[in-house]
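Structure assessment
Listed below are the residues making up each chain.
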Amino acid sequence: MHNLQGKKVTVIGLGLHGGALGAIKWLLDQGAVVTATDLRDEDVLAPTLKKLEGKNVQLVLGEHRFEDFTDTDLVVRNPAVPRDSKYLQAARDAGVPVEMDSGLFFEHCLSRKVVGITGSKGKTTTSQAIYHVLQSHNPDTVVVGTDGIQPLTELAKITADTQVVFELSSWRLEPLSEKKISPHIAVVTSIYKEHLNTYASFEEYIETKKTIIRHQLESDTAVLNADDVRLQTWEPEIQGQLYWYSLSKLEEEGVYVREGRIVVAVDDTVTEIMAVEDLPSSYEHERRNMLPAILLGHLQGMSAEEITKALLTFQRLPHRLEVVREVNGVTYINDSASTMPDATIAALQSLQNTSLVLILGGSDKKLEFGGLAAALKTHLPKALVWLPGTATERMKQEVGDAISSIPARDATTMQQATTLATEFTTKGDTVLLSPGATSFGLFNHEFDRGDQFRDTVRML
């Protein structure tokens, strides 16, 4: 383990969503001498800097200085900082180790009872559902990596017996690949083409995701989504116990749906848990995302009644097909967490019998929009409103034929987008914010985008 007392540590990337705050506070608690550096200036970073008031941190804002990366004992990078940054390379060339909060967490975590969840989409709902079920059984369960809960801030609560639920993005898996670490229980929700502006290829992205199962032992467990054809190819690489989950009937061990009932098949024993209709969502993809929680609850000895009771109190998450309100007979739905076209496709399928006015567009991640074009042609919205961004023009080109028969407008702000969308509506319609792209440029992040939509709708 790193002994950080008196060591100089540079943190690169403060972030606007609390990205580095947890790491900085933990490093200070370990006695480290911390320098935090970010290319953005004091005005932009004001919300984050306010939370650092009174902390003994040297701030370098509006620039990065090479000496902060070469004349230091350790560099900790925010997940949003590209791994090929020239400053990180300078540190490596100088023999300075480069870490992330996830790598430090697994190095310092006393518990081996870690459930890691990854996937292109669905991992937050899955992580929160697992936490909600397991915490109802064991109140000391800890969740990290999701909804702004920084991993390092929770370390002090964790003993050798603590159950931990950790949402792992591809970025947070990168240091685990270097350390050859996988969690004791690995859950994988889906694999879509994602973050192709960050990885050299889709194959490299997939290999990063495989970190979650690659270094597991025979005593470990993997839980994979059987409804994802890409994940079906992972089976030969599983070292430990493999379980599947699906909204259809399975022949393998796992959790699945049979005649409208959710059942768990483990060790040649099939146990009925609950009706699918009792899950706290009517959307197919969200129901699927709750199945791993049912399986893990069962594996930890929870009864069907206990699992059902826990899930009945599970609250659906904001920014994911979140109904904001109804105004003059028009429903407004916030799906701002839709940062990739496949998420918008899922939203369109979930609302296929609804008359929609769709707000979409944003920043480019070098993704493909052919599938979105097909979905728009099948579930044709009543009208479109485009948000500005580098992905928007590409979207327009690739989905142009599919939407040529419907009206469309361009907006420059969320308030204008919501107003324009409302003008297209009549009673019974739904305005859906499901951008299918990232939010950077116009918004701080997808949660800021969703918050602005929600605030605008509430003022209608």
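Structure: see above.
Note that the structure is predicted; figures quoted are calculated from it, not measured. (Residues numbered from 1 in each chain as written. Predicted model: local features only at pLDDT ≥ 70, side-chain atom pairs only at ≥ 80, totals over all residues. Heavy atoms only, no water.)

Moving on to helix 6 (residues 123-137). Given a rise of 1.5 Å per residue, 15 residues ought to cover 21 Å, and the 21 Å separating the end C-alpha atoms of helix 6 matches this to within 8%. Tucked inside the fold, the buried residues of helix 6 contact strand 6 (114-118), strand 8 (164-167), strand 9 (185-188), helix 11 (284-299) and helix 12 (304-312). (Helix = DSSP H or I, 4+ residues; strand = E, 2+ residues; numbered from the N terminus. Expected span 1.5 Å × (residues − 1). Contact = heavy atoms within 4.5 Å.)

Right, let's talk about the layout of surface pockets for a bit. Space left empty within the atom packing is revealed by a probe, the size of a water molecule, rolled over the atoms. Estimated volume of the second largest pocket: approximately 280 Å³. Around the second largest pocket sit 17 residues that line it, and Arg77, Arg83, Glu174, Pro175 and Glu178 are the ones nearest its centre. Listing elements by their share of the lining of the second largest pocket, those giving two or more residues are strand 5 (98-99), helix 7 (170-179), helix 8 (202-209) and helix 9 (211-214). No other element matches helix 7, which puts five residues into the lining of the second largest pocket. Residues that form the lining of the second largest pocket fall into these classes: four nonpolar, three polar and ten charged. (1 Å grid on protein atoms, 1.4 Å probe; cavity = no way out; pocket = protein on both sides within 12 Å on 5 of 7 lines; lining within 4 Å. Points joined across faces, edges and corners; volume = space filled by probe spheres on them. Nonpolar A, V, L, I, M, F, W, Y, C, P; charged D, E, K, R; others polar.)

Glancing now at the sheet that holds strand 13 (residues 261-266). If you walk across this open sheet you meet the nine strands as 7-8-6-9-10-11-12-13-14, and the pairing is mixed. A single partner strand is all that each edge strand has here, and the edge strands are strand 7 (142-144) and strand 14 (269-275). Taking each pair of neighbouring strands and ignoring which way they run, the sheet shows an average axis angle of 20 degrees. As defined by bridge partners, strand 9 adjoins strand 10 (residues 221-225) across four bridges and the pair is classed as parallel. In the strand pairing of strand 10, isoleucine 185 is matched with threonine 221. Seen against the sheet, helix 11 touches strand 6, strand 9, strand 10, strand 11 (241-245), strand 12 (254-258), strand 13 and strand 14 and runs at an angle of roughly 45 degrees to strand 13. (Pairing = 2+ DSSP bridges. Axes fitted to C-alpha atoms, helices over the stretch in contact; angles between N-to-C directions.)

When two helices pack together, their arrangement is given by the angle between their axes and by how far apart the axes lie. Between helix 7 and helix 8, the least distance of the axes is 8 Å, while the angle of their chain directions is 70 degrees. When the interaxial angle is binned, helix 7 and helix 8 end up roughly perpendicular. Note on packing geometry: the crossing formed by helix 7 with helix 8 is left-handed. Residues Ser170, Leu173 and Glu174 of helix 7 form the contact with helix 8, whose own contacting residues are Tyr205, Thr208 and Lys209. (Parallel < 35°, antiparallel > 145°, perpendicular 65-115°, else oblique. Left-handed = near helix turned anticlockwise from the far one by under 90°.)

The geometry of helix 5 (residues 101-108) relative to helix 7 is characterised by a closest axis approach of 7 Å and an angle of 50 degrees between their N-to-C directions. Compared by their axis directions, helix 5 and helix 7 come out oblique. Taken together, the residues of helix 7 that come into contact with helix 5 (itself represented by Asp101, Ser102, Gly103, Phe106 and Glu107) are Arg172, Pro175, Leu176 and Lys179. Classifying every residue of the contact of helix 5 with helix 7 by side-chain character gives three nonpolar, two polar and four charged.

Grouped together as the largest cluster of nonpolar side chains are 55 residues, with contacts concentrated most on Ile24, Leu27, Val76, Phe105 and Trp234. Of all hydrophobic cores here, the second largest spans 35 residues; its members include Ile130, Val143, Val266 and Leu279. (Core = buried A, V, L, I, M, F, W, Y, C linked by side-chain atoms within 4.5 Å. Buried < 20%, exposed > 50% of the residue type's maximum accessible area, 1.4 Å probe, protein only.)

Let us look at the sheet that holds strand 2 (residues 33-38). As a general point, the strands of a sheet are linked pairwise by backbone hydrogen bonds and lie either parallel or antiparallel. Strand order in the open sheet formed by five strands is 3-2-1-4-5, and the pairing between neighbours is parallel. The open sheet has two edge strands with one neighbour each: strand 3 (57-61) and strand 5. Strand direction decides the pairing type here: strand 2 and strand 3, joined by five bridges, are parallel. Along strand 3, the bridge assignment pairs aspartate 38 with leucine 61.

Glancing now at helix 11. With 16 residues, helix 11 extends 24 Å from end C-alpha to end C-alpha; this agrees with the ideal 22 Å at 1.5 Å per step. For helix 11, the buried fraction is high: twelve of the 16 residues fall into the buried class. Glu286, Arg287, Arg288, Asn289, Met290, Leu291, Pro292, Ala293, Ile294, Leu295, Leu296 and Gly297 are the residues of helix 11 that are buried.

What follows concerns the packing of aromatic side chains. Two descriptors summarise a pair of aromatic rings, namely the distance from one centre to the other and the angle between the planes of the rings. Scanning the entire structure with this criterion turns up seven aromatic pairs. Ring geometry for phenylalanine 105 against phenylalanine 166: centres 5.2 Å apart, planes inclined by 80 degrees, an arrangement best described as edge-to-face. Placement of phenylalanine 105 in helix 5 and of phenylalanine 166 in strand 8 is noted, with a sequence separation of 61 residues between them. (Phe/Tyr/Trp six-rings, centres within 6.5 Å; stacked < 30°, edge-to-face > 60°.)

The topology assignment puts glutamine 5 in the segment before strand 1 (8-12). Sequence spacing of glutamine 5 and glycine 428 is 423 residues, and the spatial spacing of their C-alpha atoms is 62 Å.

Looking now at the pattern of salt bridges. Should their charged atoms come close, side chains of opposite charge can pair. Under the definition given, this model contains 28 salt bridges. For the salt bridge of aspartate 227 with arginine 288, the shortest nitrogen-to-oxygen distance reads 2.8 Å. Taken together, the residues span a long stretch of sequence, with aspartate 227 in the loop between strand 10 and helix 10 (229-232) and arginine 288 in helix 11 at a distance of 61 residues. In this structure arginine 288 comes out as buried when scored by relative accessible area, which is 15%. (Salt bridge = Lys/Arg side-chain N within 4 Å of Asp/Glu carboxyl O.)

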